[in-house]
Amino acid sequence: MKTFLFGLLGIPLTLLAAGTVEAAGNLEKATFAGGCFWCMEHPFDALPGVQSVTAGYTGGQKKNPTYKEVSAGGTGHAEAVQIVYDPSKITYEKLLGVYWVNIDPTAKDRQFCDTGNQYRAEIFYHTEEQHRAASLSKEALEKTKTFKEPVVTGIVAAGEFTPAEEYHQHYYKKNPIRYRYYRNGCGRDRRLKELWGSAAGGEK
C-alpha cells in the first residue's frame, strides 16, 4: 500500500512538467461518486486547499433530479460530491488518493450496503489532464493493490451536476448520531480497513 501511495505522490511531477497545473488562484472542480454522498463529504472537507464540498447527483439523463428519483434508480444518476479546490494548495492527484481509500473499488453498481447503479463508484473528469491523472492513478492501484479483486471503478467525462437537497449537505455535521448509526450499520469502515489497512479513509 505504501508503494501505491508513493506512486501517487510521484504523478504530479510528471503533470507539472507537462504544464498542466494552472496558475495559483484559479479554482478547479473535481467530481467523485463513492456510494452514499453523506460519507464522501468529510474526507475532503478536512483537506487544506479545498474550498467547498457539495453533495449532489451526476451522470444521469433527467434534468434536476430529486433524491427520491435518484434513490429509486432509473435516472442514471450517481450520488456524488463535487469539490472546489485551489490547485496551488492541493493537487488533483492528492484528491484522487483520498478518494481511493474511501471507497471499495472492487464493487460494481454498489458500495458497501447500498446497491444499485445510483451508488456506483465513478470518477468524473473535467479536463483531459484530470482524465490522464485518474487513469494513471487507477493503473498504479491495479499494480500495487493488496486485494485480489480487480478495480472496476469507472472514469468518465463530467456532465451536469445537480446539488442535492439542503438537508443532505454535510449531513454528518447536521445529524451526527443518525449518520454514525447509518455508517456503522452499513459496514463501510470495516470494509475500508479490509481493503486498505492502515491507509484506509473513513472515520477514525
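As a reminder, the structure under discussion sits directly above these lines.
Rules of the game
- Residues numbered from 1 in each chain as written.
- Predicted model: local features only at pLDDT ≥ 70, side-chain atom pairs only at ≥ 80, totals over all residues.
- Heavy atoms only, no water.
- Phe/Tyr/Trp six-rings, centres within 6.5 Å; stacked < 30°, edge-to-face > 60°.
- Helix = DSSP H or I, 4+ residues; strand = E, 2+ residues; numbered from the N terminus.
- Buried < 20%, exposed > 50% of the residue type's maximum accessible area, 1.4 Å probe, protein only.
- Pairing = 2+ DSSP bridges.
- Axes fitted to C-alpha atoms, helices over the stretch in contact; angles between N-to-C directions.
- Contact = heavy atoms within 4.5 Å.

A.B. asks: Please clarify how the packing of aromatic side chains should be interpreted in this entry.
C.D. replies: The relative placement of two aromatic rings is captured by the distance of their centres and the angle of their planes. If you walk through the whole model with that rule in mind, you get 10 aromatic pairs. When the centroid spacing of 6.1 Å and the interplanar angle of 25° are considered together, the rings of F32 and Y92 count as stacked. Note that F32 is positioned in strand β1 (residues 28-34) and Y92 in helix α4 (residues 92-100), a separation of 60 residues in sequence. With a relative accessible area of 6%, Y92 lands in the buried category. Arranged with centres 6.1 Å apart and planes meeting at 55°, the rings of Y172 and Y179 form a pair that is tilted. Across this residue pair, the class does not change: Y172 and Y179 are buried. The rings of F32, F44, Y92, Y99 and W100 are connected pair by pair, giving a single aromatic cluster.

A.B. asks: Help me understand the sheet that holds strand β8 (residues 161-163), please; the structure alone is not making it clear to me.
C.D. replies: Paired through backbone hydrogen bonds, the strands of a sheet run either parallel or antiparallel to each other. Pairing in this open sheet of 6 strands is mixed, and the strands run β7-β6-β1-β3-β2-β8 from one edge to the other. Every other strand in the sheet has two partners, leaving β7 (154-157) and β8 as the edge strands with one partner each. Direction aside, neighbouring strands of the sheet carry axes that sit 35° apart on average. Bridging between strand β6 (residues 121-125) and β7 involves 4 bridges; their strand directions are parallel. The partner of E122 across the bridge, within β7, is G154. Running at roughly 15° to β1, α4 makes contact with β1, β2 (50-58), β3 (78-85) and β6 of the sheet.

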